[in-house]
Amino acid sequence: MLVNLNEILKKARKERYAVGLFNTTDTDMLQAAIEAAEELSSPVIVGTAEVLLPYGELKLIAPSVVAAAKRAKVPVAVHYDHGLTYERCVEALKLGFSSVMFDGSVKPYAENIAETREIVKLAHAMGATVEGEIGHVGDAAEGLSSMYTTAEEAKAYADAAGVDALAVAIGSAHGVYKKKPMLNIARLKEIAAAVDLPLVLHGGSGLSDDDFAQSIAGGIAKVNVFTDLCLAGEAAMKEGTEKNLGYLETRNLKVKAIKEAVKTKIRLFGCAGKA
Ligand code: 13P
């Protein structure tokens, strides 16, 4: 069933587990994520991100993602990740997404607040939820250059912007890590004590089991994952080529590998059986 973030994340934060957002640029990844969640009776979040649209245009994939969520046996939120422009966030909401992230984290503070508030107003009127970001989660390929979130700015931003979930920068990054990330769990706990919202950890690929255990215990209720799904799919495609399998057999191998990668994360996040 299609739900918004509040319907799954409030309980997650209270009961100290996290729901995964698995970005899906095509229906193969979508099938893998939904089947994994159904097989583990877990709520799940699927969707895509603005930087991924060149690999799967919103208008093309939104109808599949929304229909799959409605049909699913478990709660599924359809989330537009890292919306960079007001226009694209509105487009995602009109196409039936139940949630959007507005990422104004590199904009001046007042602009970030003002634009987020506009999107919150529209999304809430449509029954959808909004994730915001304060501090900035960087790209692992550029080194760990995140601007860490402070508890004061998280509280001020959450109060002013009116978001439903908050992405925080505590040392994770998007993509493949060049060196082992060190999450600032003490900072996370300070933020969680100041802000009652479900907190979101971006850059969920390549983190250790202990990183997840500690960050979820510290207040993280949503973890975003994409790179690990790509790596699992890539390895399966190489295997298919080496074994001389055809296109369709290789495709099935890829879906199976991505599904296993999603299941591994769902189990680590403590989310299995929470549907
Ligand atoms: P990874 O690709 O590092 O898993 O990050 C995903 C993410 O945070 C999307 O917002």
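Cut-offs applied
Residues numbered from 1 in each chain as written. Predicted model: local features only at pLDDT ≥ 70, side-chain atom pairs only at ≥ 80, totals over all residues. Heavy atoms only, no water. Helix = DSSP H or I, 4+ residues; strand = E, 2+ residues; numbered from the N terminus. Rg over C-alpha atoms; globule rule 2.2 N^0.38 Å. Contact = heavy atoms within 4.5 Å. Areas by Shrake-Rupley, 256 points an atom, 1.4 Å probe, with all protein chains shown as cover. Lys, Arg positive; Asp, Glu negative; His and termini not counted. Charge placed at Lys NZ, Arg CZ, Asp CG, Glu CD. Buried < 20%, exposed > 50% of the residue type's maximum accessible area, 1.4 Å probe, protein only. Pairing = 2+ DSSP bridges. 1 Å grid on protein atoms, 1.4 Å probe; cavity = no way out; pocket = protein on both sides within 12 Å on 5 of 7 lines; lining within 4 Å. Points joined across faces, edges and corners; volume = space filled by probe spheres on them. Nonpolar A, V, L, I, M, F, W, Y, C, P; charged D, E, K, R; others polar. Axes fitted to C-alpha atoms, helices over the stretch in contact; angles between N-to-C directions. Parallel < 35°, antiparallel > 145°, perpendicular 65-115°, else oblique. Left-handed = near helix turned anticlockwise from the far one by under 90°. Phe/Tyr/Trp six-rings, centres within 6.5 Å; stacked < 30°, edge-to-face > 60°.

(A) Molecular detail of the overall build of the chain. Scanning the chain for helices and strands turns up ten helices and nine strands. Taking 2.2 N^0.38 as the reference for a compact globule, 275 residues should give roughly 19 Å; the C-alpha atoms of the chain span a radius of gyration of 17 Å, in line with that estimate. Taken over the C-alpha atoms alone, the chain extends approximately 55 × 40 × 35 Å along its principal axes. Sequence separation of at least 24 residues holds for 73% of the intrachain contacts in the chain that already meet a minimum separation of 6. Accessible surface, the chain as shown: approximately 11600 Å² in total, 56% of it carbon and sulfur. Charge centroids of the chain, computed over 31 positive and 35 negative side chains, lie 4 Å from each other.

(B) The arrangement of unusual backbone geometry in detail. Positive phi is not limited to glycine here, since Ser41 has a value of about 50°. Mapped onto the secondary structure, Ser41 falls in the loop between α2 (27-39) and β3 (44-49). Residue His82 is not a glycine yet carries a positive backbone phi of 45°. Relative to the helices and strands, His82 is located in strand β4 (residues 76-83). Since its relative accessible area comes to 11%, His82 is described here as buried.

(C) Spotlight on the pairing of strand β5 (residues 99-102). Alternating residues of β5 divide into Ser99 and Met101 and Val100 and Phe102, and every residue in both groups is buried. In this structure, β4 lies alongside β5, joined through three bridges in parallel fashion. What sits directly across from His79, in β5, is Ser99. Alignment of β5 against strand β6 (residues 129-134), held across four bridges, turns out to be parallel. From the neighbouring strand, Met101 faces β6, where its bridge partner is Glu131.

(D) Just the layout of surface pockets, in detail. The space that makes up the largest pocket amounts to roughly 520 Å³. If you go around the largest pocket, you meet 25 residues; those closest to its centre are Ala49, Val51, Asp81, His82 and His174. When residues of the lining of the largest pocket are traced back to their parent elements, those giving at least two are β4 and β9 (220-225). Computed from the structure, the second largest pocket encloses a volume of approximately 170 Å³. The wall of the second largest pocket is formed by Thr25, Asp26, Asp28, Met29, Phe226, Leu229, Cys230, Gly233, Glu234, Met237, Lys254 and Ile258. When residues of the lining of the second largest pocket are traced back to their parent elements, those giving at least two are α2, α9 (227-242) and α10 (247-268). Ranked by residues supplied to the lining of the second largest pocket, first place goes to α9 with five residues. The residue makeup of the lining of the second largest pocket, split by class, is six nonpolar, two polar and four charged.

(E) Representation of the packing of helix α5 (residues 109-125) against helix α6 (residues 151-161). Between α5 and α6, the shortest axis-to-axis distance is 9 Å and the interhelical angle comes to 40°. Judged on the interaxial angle alone, α6 and α5 are oblique. Where α5 crosses over α6, the handedness of that crossing is right-handed. On the side of α5, the interface is formed by Tyr109, Asn112, Ile113, Thr116, Arg117 and Val120, while α6 contributes Glu153, Ala156, Tyr157, Ala160 and Ala161. Partitioning the contact of α5 with α6 into residue classes produces seven nonpolar, two polar and two charged.

(F) Up close: the packing of aromatic side chains. In total, this model carries two aromatic pairs according to the counting rule given. Between Tyr80 and Phe97 the ring centres are 6.1 Å apart and the planes differ by 85°, which places this aromatic pair in the edge-to-face class. Residue Tyr80 is found in strand β4, and its partner Phe97 is found in the loop between α4 (86-94) and β5; the two are separated by 17 residues along the sequence. This pair shows no difference in class: Tyr80 is buried, exactly as Phe97 is. Taking the centre distance of 5.0 Å and the plane angle of 70° together, the rings of Phe212 and Phe269 count as edge-to-face. A residue pair is termed long-range when its members are at least 10 positions apart, and Phe212 in helix α8 (residues 209-217) and Phe269 in the segment after α10 qualify at 57 residues.

Read these as layout, nothing more, since geometry by itself doesn't imply function.
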